[in-house]
Amino acid sequence: MVRIGMLTSGGDCQSLNATMRGVAKALYRLYDDIQIIGFEDGYKGLMYSDYRIMEPRDFSGILTEGGTILGTSRQPFKLMTEPDENGLDKVELMKQTYKKLKLECLVVLGGNGSQKTANLLSEEGLNVIGLPKTIDNDLWGTDMTFGFQSAMNIATNAIDCIHTTAASHGRVFIIEVMGHKVGWLTLQAGIAGGADVILIPEIPYDIKKVAEAVKRRNKVGKRFTIIAVAEGAISKEDAALSKKELKKKQEKKTYPSVSYEIAAKLEELTGIETRVTIPGHMQRGGGPCAYDRVLSSRLGTRAAQMVYNGEYGNLVVIRNNEITKIPLKETAGKLKTVNPKDSMVEEAKLLGITFGD
Ligand code: F6P
């Protein structure tokens, strides 16, 4: 009998179950005798031998279900090499569980940090295959991560809803979109929702330029302005600070988030009422959109084929609409950020969208 371990790690997203279903359905088809072991709450389950023997029926009816049937947890990569609260070596614990269960391979559904750990385990000699999860679409080496399109639909819907109320009241509205380090979600939801201003971490903004854009719109009779702001948007002044100085400033917590700081400054500079809306974790909630269901099914079944062929140490990715693979060591630790010169940014600017740069 062949035994495969599977876990979902890091922040959840809409298409984790659809992906696991893809892996499982194909594995049951490819092998005559196979057992799938599901680890609870990500790497924690692998460390502390917290697992379930999965049955084919566990993977039925979950294509459209959000969240993860296995549960997940954040286990930061930087803490992986530090002992746990009982002084035990976490990597050794994971290796022991893998060996004790006589696993042929471990399939890891996760984002950046999780794939770094997957690579670490692969370097430690375990057979590992990664699957690219995250609503941020910031995993290096894949054109698309599963979860991103579903989250984009939710963020876009939030902007759509705000549009009507902003227009009625003639207000400036800021919609804060998830993404601390990268702005893909804000950029694309902003374009899809017809935002007038988009502020992302990769393009530090000048608040005066944002205020000018708001005033310009008012001058030509447009009563409202929609601003899509990434959680990690940063002003030019803050971007010029050293890491230490920025941390010190953020620790003061003058505003609950960057959007509130922008709102306060904009009201001061424009005299126009400014409101903030934060859809927050709603963006990771609910079921996957049709695009993600297809992507997850494709990535998942390919992962199963890779298990069958023994193509270990790889991340399954999509490039130019082809499902393919890249070595985990190539993607580990690299972020796919928005290049300020990206054609999508240029196109947005041609639509008249201001980035505050
Ligand atoms: O990595 C996905 C993500 O949703 C980010 O966009 C967001 O900043 C972060 O997770 C939120 O994390 P948590 O669920 O731990 O609050």
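Residues numbered from 1 in each chain as written. Predicted model: local features only at pLDDT ≥ 70, side-chain atom pairs only at ≥ 80, totals over all residues. Heavy atoms only, no water.

### Examining the pairing of strand β10 (residues 314–319)
Piece 1. In terms of burial, β10 is a largely internal element, five of the six residues being buried.
Piece 2. Of the strand pairs in this sheet, β10 and strand β11 (residues 322–327) are connected by six bridges, and their pairing is antiparallel. Bridge assignment links L315 to a residue of β11, and that residue is I326.
Piece 3. The loop that links β10 with its antiparallel partner β11 comprises two residues; one of these, N320, has a positive phi angle of about 50 degrees. (Buried < 20%, exposed > 50% of the residue type's maximum accessible area, 1.4 Å probe, protein only. Helix = DSSP H or I, 4+ residues; strand = E, 2+ residues; numbered from the N terminus. Pairing = 2+ DSSP bridges.)

### Quick word on the state of the cysteines
Piece 1. On inspection of all chains with the given rule, the structure shows zero disulfides.
Piece 2. Its sulfur unpaired, C161 is 17 Å from the next cysteine sulfur, which belongs to C289.
Piece 3. Taking the relative accessible area as the measure of exposure, C289 reaches 14% and is therefore buried. (Disulfide = S-S within 2.5 Å.)

### Digging into the site of the ligand
Piece 1. If you check the shell around the ligand, you find R74, I135, D136, M178, G179, H180, E231, H281 and R284 and nothing else.
Piece 2. With respect to the ligand, the backbone of G179 contributes an N or O atom lying 3.3 Å from an oxygen atom.
Piece 3. R284 places a side-chain nitrogen or oxygen 2.8 Å from an oxygen atom of the ligand.
Piece 4. Burial of the ligand by the protein amounts to 73% of the accessible area it has alone, namely 400 Å². (Near = heavy atom within 4 Å. Polar contact = N/O pair within 3.5 Å; in protein donor to acceptor, adjacent residues only side chain to side chain. Areas by Shrake-Rupley, 256 points an atom, 1.4 Å probe, with all protein chains shown as cover.)

### Overview of the domain arrangement of the protein
Piece 1. Here the protein is described as being made up of domain 1 (2–147 + 288–331) and domain 2 (150–284).
Piece 2. If you average the C-alpha positions of domain 1 and of domain 2, the two centres end up 34 Å apart.
Piece 3. Listed per partner, the contact involves 13 residues of domain 1 and 11 residues of domain 2.
Piece 4. Buried surface at the junction of domain 1 and domain 2, summed over both partners, amounts to about 950 Å²; 48% is from carbon and sulfur atoms.
Piece 5. Considering only the surface of domain 1 that becomes buried against domain 2, Q14, I135 and D136 emerge as the three largest contributors, covering 49% of it.
Piece 6. Counting across the interface, domain 1 meets domain 2 through one salt bridge.
Piece 7. Run the count over domain 1 and domain 2 and you get six residue pairs in polar contact (both at pLDDT 80 or more).
Piece 8. Looking at the side of domain 1 that touches domain 2 residue by residue, the classes come out as four nonpolar, four polar and five charged. (Domains from an automatic or database assignment. Contact = heavy atoms within 4.5 Å. Buried area = accessible area lost by both parts, 1.4 Å probe. Salt bridge = Lys/Arg side-chain N within 4 Å of Asp/Glu carboxyl O. Nonpolar A, V, L, I, M, F, W, Y, C, P; charged D, E, K, R; others polar.)

### Considerations on the packing of helix α8 (residues 207–219) against helix α11 (residues 258–270)
Piece 1. At a minimum axis distance of 10 Å, the contact between α8 and α11 shows a crossing angle of 60 degrees. It follows from the interaxial angle that α8 and α11 lie oblique. Every pair of crossing elements has a handedness; the one defined by α8 and α11 is right-handed. In this structure, α8 contributes I207, K208, V210, A211, V214 and K215 to the contact, and α11 contributes I262, K265, L266, L269 and T270. (Axes fitted to C-alpha atoms, helices over the stretch in contact; angles between N-to-C directions. Parallel < 35°, antiparallel > 145°, perpendicular 65-115°, else oblique. Left-handed = near helix turned anticlockwise from the far one by under 90°.)

### Looking at the nonpolar core
Soluble, globular proteins show a tendency: their nonpolar side chains are buried together.
Piece 1. Counting 62 residues, the largest nonpolar core has L27, L131 and I226 as its most contacted members.
Piece 2. Here this core takes seven residues from helix α6 (residues 148–169), the largest share from any one element.
Piece 3. Inspection of this core shows a minimum of three residues originating in each of domain 1 (2–147 + 288–331) and domain 2 (150–284).
Piece 4. Beyond its immediate sequence surroundings of up to four residues, I226 is in contact with I159, I162, H163, A166, F173, I175, A195, D196 and V197. (Core = buried A, V, L, I, M, F, W, Y, C linked by side-chain atoms within 4.5 Å.)

### Considerations on empty space enclosed by the protein
Piece 1. Tallied over the entire structure, the rule returns one cavity of 30 Å³ or more.
Piece 2. Counted as a void, the largest cavity has a volume near 40 Å³.
Piece 3. Y205, I207, S235, E237, E261 and K265 are the residues that line the largest cavity.
Piece 4. The residue makeup of the lining of the largest cavity, split by class, is two nonpolar, one polar and three charged. (1 Å grid on protein atoms, 1.4 Å probe; cavity = no way out; pocket = protein on both sides within 12 Å on 5 of 7 lines; lining within 4 Å. Points joined across faces, edges and corners; volume = space filled by probe spheres on them.)

### Re the sheet that holds strand β9 (residues 274–277)
Piece 1. In spatial order, the strands read β7-β8-β6-β9; together these four strands make up an open sheet with parallel pairing. Strand pairing shows two members of the sheet lacking a second neighbour, β7 (197–199) and β9, which therefore form its edges. Mean inter-strand twist for the sheet, computed between neighbouring axes without regard to direction, equals 20 degrees.
Piece 2. Along the sheet, α6 makes contact with β6 (172–177), β8 (225–230) and β9, crossing β6 at roughly 170 degrees.
Piece 3. Taken strand by strand, helix α7 (residues 184–192) contacts β6, β7 and β8, and its axis lies near 170 degrees from that of β7.

### Considering the environment of Y205
Piece 1. Following the sequence through the fold, Y205 ends up in the loop between β7 and α8.
Piece 2. Judged by its relative accessible area of 4%, Y205 is buried.
Piece 3. As a C-alpha pair, Y205 and S235 span 30 residues in sequence and 4.6 Å in three-dimensional space.
Piece 4. Not counting the four nearest positions on each side in its chain, Y205 is found in contact with L199, V210, A233, I234, S235, K236, V258, I262, F355 and G356.

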